[in-house]
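# Notes for the structure review
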Amino acid sequence: MLGPVILAASRSDRMRRLISAAPVTKQVVDRFIPGETVADIVPIIKDLTAKGLELTMDVVGEDITTPEQATAARDAYLALIDHLKDLGLGERVEMSVKLSMFGQALEGGHELALANVRPVVEAAAAIGTTVTLDAEDHTTLDSMFAIHEELRKDFPQTGCVIQAYLFRTEADARRLAESGSRVRLVKGAYKEPAEVAYQQKHEIDKAYVRILRTLMEGEGYPMVGSHDPRLIAIAQELAHKAGRKLDEYEFQMLYGIRGDEHLRLAAEGHRMRVYTAYGTDWYGYFMRRLAEKPANLRFFLRSMVSK
Ligand code: FAD
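Reading the values: rules and limits
Residues numbered from 1 in each chain as written. Predicted model: local features only at pLDDT ≥ 70, side-chain atom pairs only at ≥ 80, totals over all residues. Pairing = 2+ DSSP bridges. Helix = DSSP H or I, 4+ residues; strand = E, 2+ residues; numbered from the N terminus. Axes fitted to C-alpha atoms, helices over the stretch in contact; angles between N-to-C directions. Contact = placed C-beta atoms within 7 Å. Near = placed C-beta within 6 Å. Buried ≥ 20, exposed ≤ 12 C-beta atoms within 10 Å, placed from the backbone. Expected span 1.5 Å × (residues − 1). Arc of directions from axis to C-beta. UniProt positions renumbered as here; feature names shortened; annotations may be inferred.

## Topic: the sheet that holds strand β1 (residues 54–59)
Strand order in the closed barrel formed by 8 strands is β1-β2-β3-β4-β5-β6-β7-β8, and the pairing between neighbours is parallel. Each neighbouring strand pair of the sheet contributes to a mean axis angle of 30°, computed without reference to strand direction. Across 6 bridges, β1 lies against strand β8 (residues 272–278) in parallel orientation. In the strand pairing of β8, L55 is matched with V274. Strands β4 (159–163) and β5 (182–186) of the sheet are contacted by helix α8 (residues 169–176), whose axis makes an angle of about 155° with β4.

If you want it as C-alpha cells, here you go:
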C-alpha cells in the first residue's frame, strides 16, 4: 500500500527538498549509499573486493535538468574509473549508469545521453571492465535499448537491465538472450501503470521466473538482480538445468541489503556483484529503497522523531 505513495514522492521536488535537508536523514541514507565522494567509497571497494565480491558502481543522480549536469555526471564516472585504474581493480568493478543522469530527458536527449555515456564506456573498456545501462521508467526504455544496441557495436560487453514487472520484457528478453549479451534481470522499482506492468507481487514473481528461464536457456550472460531467496534458489536450479557453469551467470544485490547472503553465495563459488551507490544526489535512489520495504520507512521516520 505504502510503496506507490513513496514512489510518487520520489518524483516530487518539494519532497526532495524537504527530505534531503532533514537533519537525521544522512545517517539513515548511509545504509544504502555509503559515501558521497570517491575518497569515501574507495575503502568500501577495497573491503568488498577483498571479501571475494565484485561490484557495480552507481554515482547517484537522475532526472537532471541541464546539459551541464549531464557533463558533470559523465566526468564523475570518468574520475571514478581513473581511481579504479590506480587501484588495479578494473576487472572486478563495473559501472551502472542511469541515462536520465546523462541528459536523456532533455531536448535532443537521446543523442546527448549517447554522446555522454560513450566516453564512460570507452574508459571502462580501457581498464578491462564494462558498463551496464540501468532501466528507469517505461517511457525511457526504447531510447535506452537503442543506445545499448549502438554502444554494443563497438563495446559488445555493454550490459542492460530488464524489468520483470513490464509486459514488454518477455519479448525484450528473447531478443537479448543472444551470444555475448549481458542482461541484468530485476523485478522493477518504478511506479508503473496497469496498462504496461503487472501490479501484483505474485504476477511479477511468476514473470521473473519465465524471463529468467529465457535468459538461462539463451546464449547470453544472465545477471540475476534480486534479494528474493525463492528466486535465488530458482535461478540456481534453472542455471543447473541449462547446463551453465558457475562463471556463466552471476548474482547481483544492492549494498546494504542482505549482506550475509552476498557472502554466502560468494563462498559457494558464485559470482556475486554488489551494486554500490555513492554521491550526493541520493534522493531518488533512497526513496526507491524505502518503497521496496515499508519497514525501512518506519526506521527512517523513527530516526526523525527520536532526534
Ligand atoms: P523483493 O520481493 O522486493 O525483496 C525480497 C527480500 O529482499 C525482502 O523480503 C527483503 O528481505 C529484501 N529487500 C528487498 N528490498 C529491500 C530494501 N529496499 N530494504 C531492505 N530489504 C530489502 N530496478 C529498476 O527498476 N531498474 C534497475 O536498473 C535496477 N537495478 C537493480 C540492480 C540490482 C543489483 C538490484 C538487486 C536491484 C535493482 N533494481 C532495479 C531494483 C529492483 O527492481 C527491485 O526493486 C529490488 O531489487 C527489490 O526486489 P527483490 O527482487 O529484491 O525482491
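This is not the end of the story, as more comes after the structure.
## Section: the site of the ligand
Not every one of the 23 residues close to the ligand is listed here, only the nearest: D134, V186, S226, H227 and E292. For the shell around the ligand, the elements supplying multiple residues, two or more each, are β4, β7 (250–254) and α12 (283–292). Considering every element that reaches the shell around the ligand, the biggest residue donor is β7, with 3 residues.

## Examining the pairing of β1
Taken across its 6 residues, β1 has 6 buried, putting it largely inside the fold. The side-chain alternation of β1 yields two buried faces, one formed by E54, T56 and D58 and the other by L55, M57 and V59. Across 3 bridges, β1 lies against strand β2 (residues 93–97) in parallel orientation. Counted as the bridge partner of T56 is E94 from β2.

## Re helix α4 (residues 38–50)
If you check α4, its first and last C-alpha atoms are 18 Å apart, about what 13 residues at 1.5 Å a residue would give, namely 18 Å. Along α4, the residues that are buried comprise I41, I45 and L48. Within α4, the buried residues cover an arc of 75° as seen down the axis, which keeps them to one side. Opposite the packed face of α4, turned more than 90 degrees from it, sit the exposed residues A39, P43, K46, D47 and A50. Residues of α4 that are buried sit in contact with β1, β2 and β8.

## Considerations on the UniProt feature "binding site: FAD" (unreviewed entry) in the protein chain
The feature "binding site: FAD" (unreviewed entry), as annotated in UniProt, sits at Q163, K187, G188, A189, K201, S226 and H227 in this numbering. These residues run over 65 residues, yet every pair of their C-alpha atoms falls within 14.5 Å of each other. Note that G188 resides in the loop between β5 and α9 (201–217). On the basis of neighbour count, G188 is assigned to the buried category, with 22 C-beta atoms found within 10 Å. In this view, G188 contacts Q163, A164, Y165, L166 and A197; residues no more than four positions away in its chain are not counted. On the secondary structure map, A189 appears in the loop between β5 and α9.

## Description of α8
Residues of α8 that are buried include every one of T169, A173 and L176, and no others. In an axial view of α8, the angular spread of the buried residues amounts to 70°, which keeps them on one side of the axis. Summarising the contacts, the buried residues of α8 are in contact with β4, β5 and α9.

## What to know about the UniProt feature "binding site: substrate" (unreviewed entry) in the protein chain
Under the present numbering, the feature "binding site: substrate" (unreviewed entry) in UniProt falls on K98, R288 and R289. Here K98 shows up in the loop between β2 and α6 (109–126). By the C-beta count within 10 Å, which is 26 here, K98 ends up buried. What K98 contacts, discounting residues up to four positions off in sequence, is E62, D134 and E136. Considering the arrangement of structural elements, one finds R288 in helix α12. Those residues in contact with R288 that sit more than four places away from it in its chain are S10 and A189.

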